[in-house]
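# Structure assessment
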Amino acid sequence: MTGPRSQDERDALTVEIVFALVTAGLLAAMLYVAVASPALFGDLGRTQETVWQGAAVAVAAVGFAVRLVRALWLFSRQRR
């Protein structure tokens, strides 16, 4: 794209970024609860709870990053 962006283009980009962040955050929260549910709702030992919660954080972080990159990448491809 050449030249400065119009206000409509900047607004569309802002909306898309916010959409990507919100959906990525929701996905990360769902993944965390899904993976950490044995530790959150079960009667596990301290070590097992720590392992489940650590795995949940890792899965949630990966899910967040993948969703964010994918949403923004698809938006940039649509604009071409």
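Above this text you will find the structure in question.
Residues numbered from 1 in each chain as written. Predicted model: local features only at pLDDT ≥ 70, side-chain atom pairs only at ≥ 80, totals over all residues. Heavy atoms only, no water.

### Here's the deal with helix H1 (residues 7-41)
- Under the 1.5 Å per step criterion, the end-to-end length of H1 is 48 Å for 35 residues, consistent within 8% with the ideal 51 Å.
- The largest bend in H1 is about 55°, located at Val35, with the proline Pro38 one to four residues further on.
- Taken as a whole, H1 has its buried residues at Glu16, Ala20, Thr23, Ala24, Ala28, Ala36 and Ala39.
- The inward-facing, buried residues of H1 contact helix H2 (46-79). (Helix = DSSP H or I, 4+ residues; strand = E, 2+ residues; numbered from the N terminus. Expected span 1.5 Å × (residues − 1). Bend = angle between axes of the 7 residues up to and from the residue. Buried < 20%, exposed > 50% of the residue type's maximum accessible area, 1.4 Å probe, protein only. Contact = heavy atoms within 4.5 Å.)

### Quick look at the packing of H1 against H2
- Between H1 and H2, the least distance of the axes is 8 Å, while the angle of their chain directions is 155°. As far as their axial angle goes, H2 and H1 are roughly antiparallel. Between H1 and H2 lies a crossing whose hand is right-handed.
- A breakdown of the residues in the contact of H1 with H2 according to their chemical character gives 27 nonpolar, four polar and five charged. (Axes fitted to C-alpha atoms, helices over the stretch in contact; angles between N-to-C directions. Parallel < 35°, antiparallel > 145°, perpendicular 65-115°, else oblique. Left-handed = near helix turned anticlockwise from the far one by under 90°. Nonpolar A, V, L, I, M, F, W, Y, C, P; charged D, E, K, R; others polar.)

### Focus on the side chain of Glu16
- You can see Glu16 is positioned in helix H1.
- The side chain of Glu16 is buried and forms no salt bridge, while Arg67, the nearest opposite charge, is found at 6.4 Å.
- Residues contacting Glu16, with those up to four places away along its chain left out, are Ala71, Leu72 and Phe75. (Lys, Arg positive; Asp, Glu negative; His and termini not counted. Salt bridge = Lys/Arg side-chain N within 4 Å of Asp/Glu carboxyl O.)

### Regarding a nonpolar patch on the surface
- Where nonpolar side chains cluster on the molecular surface, the patch consists of Val18, Val22 and Leu26 and spans about 270 Å² of accessible area.
- Within the secondary structure layout, Val22 lies in helix H1.
- Owing to a relative accessible area of 46%, Val22 belongs among the partly exposed residues under this scheme. (Patch = residues over 30% accessible without salt bridge, like charges linked within 9 Å, V, L, I, M, F, W, Y side chains within 5 Å. Areas by Shrake-Rupley, 256 points an atom, 1.4 Å probe, with all protein chains shown as cover.)

### What about H2?
- The end-to-end C-alpha separation of H2 is 50 Å, in line with the 50 Å expected for 34 residues at 1.5 Å each.
- Looking at H2, one finds that the buried residues are Ala56, Ala60, Gly63, Ala71 and Phe75.
- Where H2 is buried, its residues touch H1.

### A closer look at the environment of Glu9
- Checked against the element boundaries, Glu9 lands in helix H1.
- We classify Glu9 as partly exposed; its relative accessible area is 25%.
- A polar atom in the side chain of Glu9 sits 2.9 Å from the backbone nitrogen of Ser6. (Polar contact = N/O pair within 3.5 Å; in protein donor to acceptor, adjacent residues only side chain to side chain.)

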